[in-house]
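Summary of the model geometry
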Amino acid sequence: MSEHERVFGVRQQLPKSGALSPPPPILHAPDGFGDDPPPRKRSWAVSVGVAGLLLLGAHEISSWRRCAQADPARPEATPANYCYAYSARYGWGGSPAGARSLSFGGFGHAALGHGGGG
Amino acid sequence: MRREPSPPRPDFADEAAAIGFTFASPGGETYWNEGARCVFSLDEIENSLEIAAKELHALSFDLVDRVVGDEEALTRLAIPRHVWDLIYESWLRGDPSLYRRFDFGYDGKKPPKLLEYNADTPTSLYESAVLQWRWLEQGIERGFLPKGADQFNSLHERLIDRWRAIGGGELLHFACLMRDEEDRGTLAYLEDCARQAGFETQSLDVAAIGFDGSQFYDPNRRAIRRLFKLYPWEWMFADEFGRTPAMRKTLFLEPPWKVILSCKGALALLWKHAPNHPNLLPCYFEDDPSAPPLACYARKPLYSREGANIELVTGSGRLTGRDGHYGAEGFVRQQMFDLPTFDGVHPVLGCWIVGDAPAGMGVREDPGLITTNRSQFVPHMIA
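No experiment lies behind these values; they were computed from the predicted model shown. (Residues numbered from 1 in each chain as written. Chains lettered and ligands numbered in written order. Predicted model: local features only at pLDDT ≥ 70, side-chain atom pairs only at ≥ 80, totals over all residues. Heavy atoms only, no water.)

1. Overview of the packing of aromatic side chains
Residues and elements named next belong to chain B. Under the defined criterion, the tally for this structure stands at 26 aromatic pairs over all chains. Seen from their ring centres, Tyr99 and Trp352 are 5.8 Å apart, and the 10 degrees between their planes marks the pair as stacked. With Tyr99 in strand S3 (residues 99-105) and Trp352 in strand S16 (residues 346-354), the pair connects residues that are 253 residues apart, well separated along the chain. Note on accessibility: Tyr99 and Trp352 belong to one class, buried. Taking 5.2 Å as the distance between ring centres and 55 degrees as the angle between the ring planes, the aromatic pair formed by Phe211 and Phe241 counts as tilted. (Phe/Tyr/Trp six-rings, centres within 6.5 Å; stacked < 30°, edge-to-face > 60°. Helix = DSSP H or I, 4+ residues; strand = E, 2+ residues; numbered from the N terminus. Buried < 20%, exposed > 50% of the residue type's maximum accessible area, 1.4 Å probe, protein only.)

Below is the structure:
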């Protein structure tokens, strides 16, 4: 046994014939997002958020911190729940899971190539 | 370290099909090249490459700890403000990491030098872990490799062990851009390892991640509480779902704090925090007025993949470069490394860390000085 084998041990459980054990089928979004580069589509939640921000004169949708700071009525808004402060004010979240329909296509827009590699 | 010709297996196509390796020749171009092999001594592996990987792994943890609460550094790395808390929380919680890959320039004589740090979405994993191991086993069995030959490779066992250590028993989702064959293959392999570790898994396209206003779901309406994503953090953060409260309800692998290391600005910060480290190259942010000039350097976008938008610059101007869509966030300049040449190609050694342990190596080589997604993978052995 070489030093390398002693350190790392012997191999085990390498995929045998057929290699990868059959996983469940890959899921795609119902409307086919992901088969091609997805079109830019804003979810209803973001639309509500943007509309809310515009109405309230806020300048930066990206900052949950600003959202919390801009809401003195919610002093409990700590860094850990900025997003919930944002949700409560602009309409994201707060509903029981499963009570709303799902939006798709909110990931995949920013891709500039394939996602793997470095 | 040397490169030598090696007889390709006549039944390689059958072998690749049998083990599900579908991207040996993407677009008709050879990617897996077993017409050659790289040969290392055990001393080179254990006392140069493995130690360098261990050392840089420790340094990188130290770097994250310094940077994660430093707004100036986060700004320097072009990490958007709206995710700073998410990153900080993931670090404080100790969100686990699965794997990473250090790419070294190495000639077998001087210490390996870190060229790239693939901390977030490294690929070439299946070929490193399985394909080249089976090449070694069959080579010994068929007599074209010496009986005592070995390989720097415990990836497969360590990946399964790491999944076990991460544990949890919940459904584990896997997502990538399914239209890309290499990404899909890498994801399928990692999913297979997780299943061998006892997980129930489900893979899906990143665009099939659903959002109900509160958290993420798959199209079958199962909550995504744990997600391995082969999709870079900087894209996640830029996507509209990356701004939702659901980001805090899913445990991600790799974790959000990994974005600090996947940015090429980390190369500059590593050099700043460990100047003259034998495994690092001088590296500076391009817009750093205090940076000393480099005569020959690689100009790299803070965020880019597969060699895109990298330029090599010498005293007499641009030596070579690659096109791409990256660079909006800025650049670093890294002192150029004189890559060794073997038979007209330049090898780059990708050393894997799984969990916290060095776990193996894959060699890619290219006739050009920039390693890209078209560079060939060549198996290695220790002899």
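2. Focus on the sheet that holds strand S19 (residues 380-382) of chain B
All names here are of chain B. In spatial order, the strands read S1-S2-S19; together these 3 strands make up an open sheet with mixed pairing. In this open sheet, the two edge strands, each paired with only one partner strand, are strand S1 (2-5) and S19. Neighbour-to-neighbour, the strand axes of this sheet turn through a mean angle of 35 degrees, independent of strand direction. Relative to S19, strand S2 (residues 36-40) runs parallel, the two being bridged by 3 bridges. Within S19, the residue paired with Cys38 across the bridge is His380. In the packing of helix H2 (residues 42-67) onto the sheet, the strands contacted are S2 and S19, and the crossing angle to S2 comes to about 70 degrees. (Pairing = 2+ DSSP bridges. Axes fitted to C-alpha atoms, helices over the stretch in contact; angles between N-to-C directions. Contact = heavy atoms within 4.5 Å.)

3. Observations concerning helix H6 (residues 155-166) of chain B
Residues and elements named next belong to chain B. Helix length check: H6 (12 residues) gives 16 Å between terminal C-alpha atoms against 16 Å at 1.5 Å per residue, within 8%. Restricting attention to buried positions, one finds in H6 the residues Leu155, His156, Glu157, Leu159, Ile160, Arg162, Trp163 and Ile166. In the stretch just after H6, Gly167 is the one whose phi turns positive, near 55 degrees. (Expected span 1.5 Å × (residues − 1).)

4. Things to note about the packing of H6(B) against helix H7 (residues 181-196) of chain B
Residue and element names in this part refer to chain B. Where H6 meets H7, the closest approach of the two axes is 8 Å, and the angle between their N-to-C directions is 60 degrees. With respect to each other, H6 and H7 are oriented oblique. Note that H6 runs across H7; the crossing there is right-handed. Along its contact with H6, which presents His156, Leu159, Ile160, Trp163 and Arg164, the element H7 presents Tyr189, Leu190, Cys193, Ala194 and Gln196. Partitioned by chemical class, the residues of the contact of H6 with H7 number 7 nonpolar, 2 polar and 1 charged. (Parallel < 35°, antiparallel > 145°, perpendicular 65-115°, else oblique. Left-handed = near helix turned anticlockwise from the far one by under 90°. Nonpolar A, V, L, I, M, F, W, Y, C, P; charged D, E, K, R; others polar.)

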